[in-house]
Amino acid sequence: MAAVEQGLWEVLSHQAKSDKDIIESGISFIKPQRIKNQNIVHRLERRRISSGKAGAHWHQVRLFYQNVFPNFTVVDVDEPPCFLHKFSPDGLYFLAFSSDLTSLQIYRYRGCQAAGNLLQGYEGEILPRGRRQPSLSLQRLVFDCFFVLLHIRKLTIVGEHLDLDCSIFTNDSKYVIVGSSSYVPYEHHRPFYEVYWNRESLTSHPLFPIENYTLYIIDLRTGRLCDKRTFNCDKVILTHNQGLYLYKNILAILSLLHQNIRIFQVTPDGTFIDLRTIGRFCYEDDLLTVSAVFPEMRQSHQDLTSLYRDTFIDCLKHRMLVYLWRQAERRGNSVAKRSFFRYFDQMLKLRMCQLQLLDENHLLIKYTENLMTLDVTNASQATVFVVYNMVSTEVMAVFDNSSDELLELFGNYDLLQDATPHSEIQFTCSSSSTNFERPIIQHKFKDTIINERYGEQGESGHWLLGQFPFCYSPYLDMTLFSYDSRSVSVMERPKTYEDHPIRFYAQDSGLLKFQMQTGLVGRPINHNVQHLVSFIFHPSEPFAISVQKSNTEYVVNFHVRHNST
């Protein structure tokens, strides 16, 4: 018995030694990940002796944001009675709306170091709202340390309110365009045929009310109102600039009610110049051309009653249908033509719901089937994208939601032009222009449009054009930092509040660089009430503002760069 036990023990010992040798030999083949030197002095010296790859100088400079970041949070800052909005693209000005939504407030930003003396002596990463008097006085003073009020410009009249999420800056950061709206009571509505101009016009709805809109352009340096345009009895989506788009000095405005696109030019003096209106006609002299063949058209243009009963297809939609028919003819088979006639009536029912300027001459227009309830995310309705040349009035391409060609264009060409830098010192940080985020977006987009026709798992087409506007902060650049995009992202949209700090990791090393605490620290959260958090990042400095909104609270936190020593 003892001999058997001794033999079994020798076998087990030999097996354990062999397993240990295998594990040790395997470990020897695994190379540990080498983390690049994160020291800022080392990076400065390397920049001095090496310029890096050709054309990559600006992005090499951008790596220094991994060493300089907002590492300190001041909780519950006392702000003036206003709604904080955003920084100008050059970072020199900060915009806010008055509490009654009638005035625009313009502040001058003093720099990320402005509160250095005020925060001197405070250690750690968070300064909560305490009961001690020194802490209370700091929360009251910190806003005035960073911002100086320059101008208060009253824009609207009684009954008219500015939209909190509507603002567009010109490329030189000299002007800003904001919008306001006012509800039109039923008894003050204009006559029916003055509201509904043509057969494409949409009818009003309790969730689709008719309103009066005004666009203002303001000089940021002087606070002067340079020009304005008013659109009465219309429907334009101002929220998140969905109905507006500015490319360089060309401004496009989409009217959902009248189903037309107004094109303006923004002059260097800050005024609007009417260029063209696209919809019922594509050229300004189209009415003369058509009336030469159909004299009754000139009379119907003067008689608004006849105009609404017009049986002619709008020129823009007619060009789209002609393009689809020619595509069917090029295929050279009867199946394509039968398909065109099969969906002809459905194409006639399509209405414009979103647009984007690709350049000075080309528009990307999204058509959808039902806009009566503004539910453009309805997955059961058809969606079509049209690329239109405003100068030649040609339809260049038509894509549906499940188009593989649209996916290829989205992957190879940055359709998200809103991420184009406003100046040379800025960098592209849109989710489609970063190497780390682009494959993720393409994968989501591809899964959506391949699995379900018309995007029944979220309507990828709406998702594609629903990404604007973007934040230009380097701390949201996925080539530099990785973070939870469910809590914060480059898209300027409120996020659901999470009762934990948002952590930012360096993309090249995986090291935790900094974290941002939103909301009130240490206070229990009522989960029965929806809490949203929006972020306002400075375009180039380590400074950010987080605003937690709920039904009863408006908590503002400042995230700043602070050295306790």
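A short note on the packing of helix H9 (residues 315–331) against helix H10 (residues 334–342)
Stage number 1. Relative to each other, H9 and H10 sit at 160°, their axes nearing to 7 Å. In terms of their interaxial angle, H9 and H10 are classed as roughly antiparallel. Counting all contacts with H9, which are made through Leu321, Leu324, Trp325, Ala328, Glu329 and Arg331, the residues of H10 involved are Ala336, Lys337, Phe340 and Phe341.
Stage number 2. Partitioning the contact of H9 with H10 into residue classes produces seven nonpolar, no polar and three charged.

Comments concerning the sheet that holds strand E22 (residues 512–516)
Stage number 1. Spatially, E19-E21-E22 is the arrangement adopted by the three strands of the open sheet, whose pairing is antiparallel. Single-partner strands in this sheet number two, and they are strand E19 (481–482) and E22.
Stage number 2. As paired elements, strand E21 (residues 502–506) and E22 share four bridges and run antiparallel to each other. The partner of arginine 503 across the bridge, within E22, is glutamine 515.

Some thoughts on the pattern of salt bridges
Stage number 1. One pass over the structure, following the stated rule, counts 11 salt bridges.
Stage number 2. Between glutamate 45 and arginine 48 there is a salt bridge whose closest N-O contact spans 2.5 Å. Of this pair, glutamate 45 and arginine 48 are both found in helix H2 (residues 40–49), three residues apart, which corresponds to roughly one turn of the helix.
Stage number 3. Since its relative accessible area comes to 37%, glutamate 45 is described here as partly exposed.
Stage number 4. The salt bridge involving arginine 221 is made with aspartate 219; its shortest N-O contact spans 3.8 Å.

A look at a nonpolar patch on the surface
Stage number 1. A surface patch of nonpolar side chains, amounting to about 290 Å² of accessible area, comprises Ile40, Val41, Leu44 and Val68.
Stage number 2. Position of valine 68 among the secondary structure elements: in the loop between helix H3 (57–62) and strand E1 (72–74).
Stage number 3. The class of valine 68 is partly exposed, set by a relative accessible area of 31%.

Here's the deal with unusual backbone geometry
Stage number 1. Despite not being glycine, histidine 240 has its phi angle at roughly 55°, a positive value.
Stage number 2. Looking at where histidine 240 falls in the secondary structure, it is placed in the loop between strand E10 (225–234) and strand E11 (244–247).
Stage number 3. Owing to a relative accessible area of 13%, histidine 240 belongs among the buried residues under this scheme.

With respect to the confidence of the model for the protein chain
Atom-level detail of predicted coordinates should not be read off regions where pLDDT is low.
Stage number 1. In the predicted model, the protein chain carries a mean pLDDT of 78, and 72% of its residues have values of at least 70.
Stage number 2. Within the model, pLDDT remains below 50 along residues 428–438, and this stretch shows 37 contacts once partners closer than five positions in the same chain are excluded.
Stage number 3. Confidence over residues 448–463 falls short of pLDDT 50; this stretch has 43 contacts with residues more than four positions distant or in other chains.

The rules behind the values
- Residues numbered from 1 in each chain as written.
- Predicted model: local features only at pLDDT ≥ 70, side-chain atom pairs only at ≥ 80, totals over all residues.
- Heavy atoms only, no water.
- Axes fitted to C-alpha atoms, helices over the stretch in contact; angles between N-to-C directions.
- Helix = DSSP H or I, 4+ residues; strand = E, 2+ residues; numbered from the N terminus.
- Parallel < 35°, antiparallel > 145°, perpendicular 65-115°, else oblique.
- Contact = heavy atoms within 4.5 Å.
- Nonpolar A, V, L, I, M, F, W, Y, C, P; charged D, E, K, R; others polar.
- Pairing = 2+ DSSP bridges.
- Salt bridge = Lys/Arg side-chain N within 4 Å of Asp/Glu carboxyl O.
- Buried < 20%, exposed > 50% of the residue type's maximum accessible area, 1.4 Å probe, protein only.
- Patch = residues over 30% accessible without salt bridge, like charges linked within 9 Å, V, L, I, M, F, W, Y side chains within 5 Å.
- Areas by Shrake-Rupley, 256 points an atom, 1.4 Å probe, with all protein chains shown as cover.
- pLDDT = per-residue confidence, 0-100.

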